[in-house]
Amino acid sequence: MNARLKVFALLEAQGVPASEADNLVAALEAGAVAGAQCQVVELDGMAPASPGALFADGWDDGVKAVGEALVGIVDRESSRRGGRSAGAAELAVHIADVRQRERADLVRLEKFVRESVLPRTHPHTTARRRVLEALGEAGGLCTARTRNADGDVIVCTLDARHYDPDDKPPFRDGKPGGWHKTDASIWNDSGAACIPHVAL
């Protein structure tokens, strides 16, 4: 079942229509059984010599019975499925089930992040910005960025359109004024490594 679902997923990813995928997989499955039947019928007359004629007759009868059973399997499956594999329908059900579980997991995760993680972050910090980005709610934040002394890219965590180059920050108490701020870093748009909010 897992192998069949994987084949259908690969065929679907390549744009193969479901009906064509059904026919392909049904043909492969029938071919596999027919291939096994071919190997079984080759055992006819191949009974070990030592047990005697009675054993050999039983052996050959057994080979024929197994061969006929395998042919019957192909016929029944082909008739039951109308010549098609049930794989496309199985895949659709499987994918729907997986997506439903994924959605439920995402709802639980979002609830946890919103109720437990977000309240523990401080305003205007990188940690809060990352949580808001994960929730898809960082659209109202400034997009200005620069590089710190270590060469790391840092992004402003203040609200969009806050910037005022004339409103200089009093560095000692950490208030950003109108400049950009990320945690302890405060900068304006004049540096060569800066991408100002107003340009984005």
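For the structure itself, consult the block above.
Attention in this report is confined to the structure presented alongside it. Everything numeric here is computed off the predicted structure, so don't read it as measured data. (Residues numbered from 1 in each chain as written. Predicted model: local features only at pLDDT ≥ 70, side-chain atom pairs only at ≥ 80, totals over all residues. Heavy atoms only, no water.)

**A few points about the overall build of the protein chain**
Tallying secondary structure elements over the protein chain gives 5 helices and 4 strands in all. Secondary structure elements in the protein chain, listed N-terminal to C-terminal, are α-α-α-α-α-β-β-β-β. Sorting the 200 residues of the protein chain into buried and exposed places 29% on the buried side. Considering only intrachain contacts with a sequence separation of at least 6, the fraction spanning at least 24 residues in the protein chain is 45%. Counting only carbon and sulfur atoms, one obtains 57% of the accessible surface of the protein chain, whose full area is about 13300 Å². (Helix = DSSP H or I, 4+ residues; strand = E, 2+ residues; numbered from the N terminus. Buried < 20%, exposed > 50% of the residue type's maximum accessible area, 1.4 Å probe, protein only. Contact = heavy atoms within 4.5 Å. Areas by Shrake-Rupley, 256 points an atom, 1.4 Å probe, with all protein chains shown as cover.)

**Details of unusual backbone geometry**
The residue His124 is not glycine, and still its phi comes out positive at about 60°. Its location among the elements puts His124 in the loop between helix 4 (87-117) and helix 5 (126-134). Here His124 falls in the partly exposed class, since its relative accessible area comes to 35%. Residue Arg161 is not a glycine yet carries a positive backbone phi of 65°. With respect to the secondary-structure elements, Arg161 resides in the loop between strand 2 (153-155) and strand 3 (180-182).

**Points about the side chain of Thr157**
Secondary-structure assignment places Thr157 in the loop between strand 2 and strand 3. What makes Thr157 buried here is its relative accessible area of 3%. When near neighbours in sequence (up to four residues on either side) are disregarded, Thr157 contacts His124, Thr125, Thr126, Arg129, Leu141, Lys181, Thr182 and Asp183.

**Remarks on helix 1 (residues 2-13)**
Compared with an ideal rise of 1.5 Å per residue, which puts 12 residues at 16 Å, helix 1 spans 16 Å between its outermost C-alpha atoms and is within 8% of the ideal. Turning to helix 1, its buried residues number three or more, namely Arg4, Leu5, Phe8 and Leu11. Buried residues of helix 1, viewed axially, fall in a sector of 125°; they line one side. Of the exposed residues in helix 1, the ones pointing more than 90 degrees away from its buried face are Asn2, Ala3, Lys6, Leu10 and Ala13. Within two residues after helix 1, Gly15 carries a phi angle of roughly 80°, on the positive side. (Expected span 1.5 Å × (residues − 1). Arc of directions from axis to C-beta.)

**What to know about the pattern of salt bridges**
Throughout the structure, instances matching the rule amount to 5 salt bridges. Salt-bridge contacts for Glu115 lead to Lys111; the nearest nitrogen and oxygen are separated by 3.3 Å. Highlighted residues: Glu115 and Lys111, both in helix 4, separated by 4 residues, approximately one helical turn. Glu137 is the salt-bridge partner of Arg114, the closest N and O atoms lying 2.9 Å from each other. Of the two residues, Arg114 sits in helix 4 while Glu137 sits in the loop between helix 5 and strand 1 (145-147), which places them 23 residues apart along the sequence. Relative accessible area serves as the criterion here: at 38%, Glu137 is assigned to the partly exposed category. Shared partners join several salt bridges into a network, and the residues in it are Glu110, Arg114 and Glu137. (Salt bridge = Lys/Arg side-chain N within 4 Å of Asp/Glu carboxyl O.)

**Describing a nonpolar patch on the surface**
On the surface, Leu106, Leu109 and Phe112 cluster together into a nonpolar patch covering about 320 Å² of accessible area. Position of Phe112 relative to the elements: it lies in helix 4. (Patch = residues over 30% accessible without salt bridge, like charges linked within 9 Å, V, L, I, M, F, W, Y side chains within 5 Å.)

**Describing the state of the cysteines**
The final tally for this structure, using the stated rule, is 0 disulfides. Residue Cys142 stays outside any disulfide, its sulfur separated by 3.8 Å from that of Cys156, the closest cysteine. For Cys142, a relative accessible area of 0% gives the class buried. (Disulfide = S-S within 2.5 Å.)

**Notes on helix 5**
Listed in full, the buried residues belonging to helix 5 are Thr126, Arg129, Val131 and Leu132. The first or second residue beyond helix 5 is Gly136, which carries a positive phi of 75°.

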